[in-house]
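Report on the structure
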Amino acid sequence: MTKSDLPMKTDNPESGFAPLTAAQKAQVAALAQRQQRANGILMKAISFVGGQVDDTLKLLPASARDQIDSAARVALRQSYELATKSRSGPLARIGDSDAGHKVMATISGALGGVGGLPTALAELPVATTMIFRAVQGVARQYGEDTTSEETRMECLAVFGAGGPGNDDDAVDTSFIGARLGITGAALNGLIGKVAPRFAAVLSQKLATQAVPVLGAAAGAGTNYAFTDYYVEMAHVHFGLRQLARAHGEDVVLDAFHAALVDPKPPVKTA
């Protein structure tokens, strides 16, 4: 869903919410700017191997491209289960920071790229779990309970952000105020919605790792950049959710979409 798909409203039908102050409008504008900057992170990762998006994808054999959607679904489901489990016991404090997750993802990408595409595919669930953990860490910063099923579903929704070459490379704001069902069917439905967009991003990552040995350097760089990208999108997602809890979804999203169209910061009045 793109910002152009959502109608702009002129009033707020939600009652009982405080209006946005100038400072809070500035917060919304900052989140919009953060989203707009985030895609540049991915493009830098692609240019790391010296090619444009279309040229990079040619590194992938047709058979591998057909596997990517399935690999994305498997990686998302495994990370959904493993990321939370890894936050208890002896693994709880390993890489438990944005920087720590980026370092671990970088090492994982380097190892995954050593053997070219086969090892890159095998490394994919590990990298996805590192990203999921990093997204959980962002959720905690915005007052979310990372042990709850609802928050885990919201973290999964962050993977629905688009990637290079997509016209809708943004947080899907339809999730911001959604009440995601905590059932197996709801999880399958969410993965089904998120996986194709995540697969589009994975195509770039796997293409850069397709060449053995050289893929190690590319895998390290792209894993770092992709973790950085999803951390940024998580800040947008959970930042909007935090504001919506206090001020109402319609008002916050209207301000957000307006800021995407006109990225100039709001003028503060006395």
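The rules behind the values
Residues numbered from 1 in each chain as written. Predicted model: local features only at pLDDT ≥ 70, side-chain atom pairs only at ≥ 80, totals over all residues. Heavy atoms only, no water. Core = buried A, V, L, I, M, F, W, Y, C linked by side-chain atoms within 4.5 Å. Buried < 20%, exposed > 50% of the residue type's maximum accessible area, 1.4 Å probe, protein only. Helix = DSSP H or I, 4+ residues; strand = E, 2+ residues; numbered from the N terminus. Axes fitted to C-alpha atoms, helices over the stretch in contact; angles between N-to-C directions. Parallel < 35°, antiparallel > 145°, perpendicular 65-115°, else oblique. Left-handed = near helix turned anticlockwise from the far one by under 90°. Contact = heavy atoms within 4.5 Å. Nonpolar A, V, L, I, M, F, W, Y, C, P; charged D, E, K, R; others polar. Salt bridge = Lys/Arg side-chain N within 4 Å of Asp/Glu carboxyl O.

**Here's the deal with the nonpolar core**
Core analysis: the largest hydrophobic core is formed by 64 residues, its most contacted members being Tyr230 and Phe238. Broken down by secondary-structure element, the contributors of at least two residues to this core are α1 (22-47), α3 (62-85), α5 (117-141), α6 (149-158), α7 (184-208), α8 (214-247) and α9 (249-261).

**Observations regarding the packing of α5 against α7**
Two elements in contact, α5 and α7, have axes separated by 11 Å at closest approach and are oriented at 135 degrees. The angle between α5 and α7 falls in the class oblique. Note that α5 runs across α7; the crossing there is right-handed. Counting all contacts with α5, which are made through Leu117, Ala120, Leu121, Glu123, Leu124, Ala127 and Thr128, the residues of α7 involved are Phe198, Leu202, Lys205 and Leu206. Residues belonging to the contact of α5 with α7 are distributed by class as follows: eight nonpolar, one polar and two charged.

**Side note on the pattern of salt bridges**
Throughout the structure, instances matching the rule amount to eight salt bridges. We note a salt bridge from arginine 245 to glutamate 144, for which the minimum N-O separation is 3.0 Å. Note that arginine 245 is positioned in helix α8 and glutamate 144 in the loop between α5 and α6, a separation of 101 residues in sequence. Its relative accessible area of 10% is what places glutamate 144 among the buried residues. A salt bridge links arginine 152 to glutamate 149, with the shortest nitrogen-to-oxygen separation between them at 2.6 Å. Placement of the pair is arginine 152 and glutamate 149 together in helix α6, with a separation of three residues, close to one helical turn.

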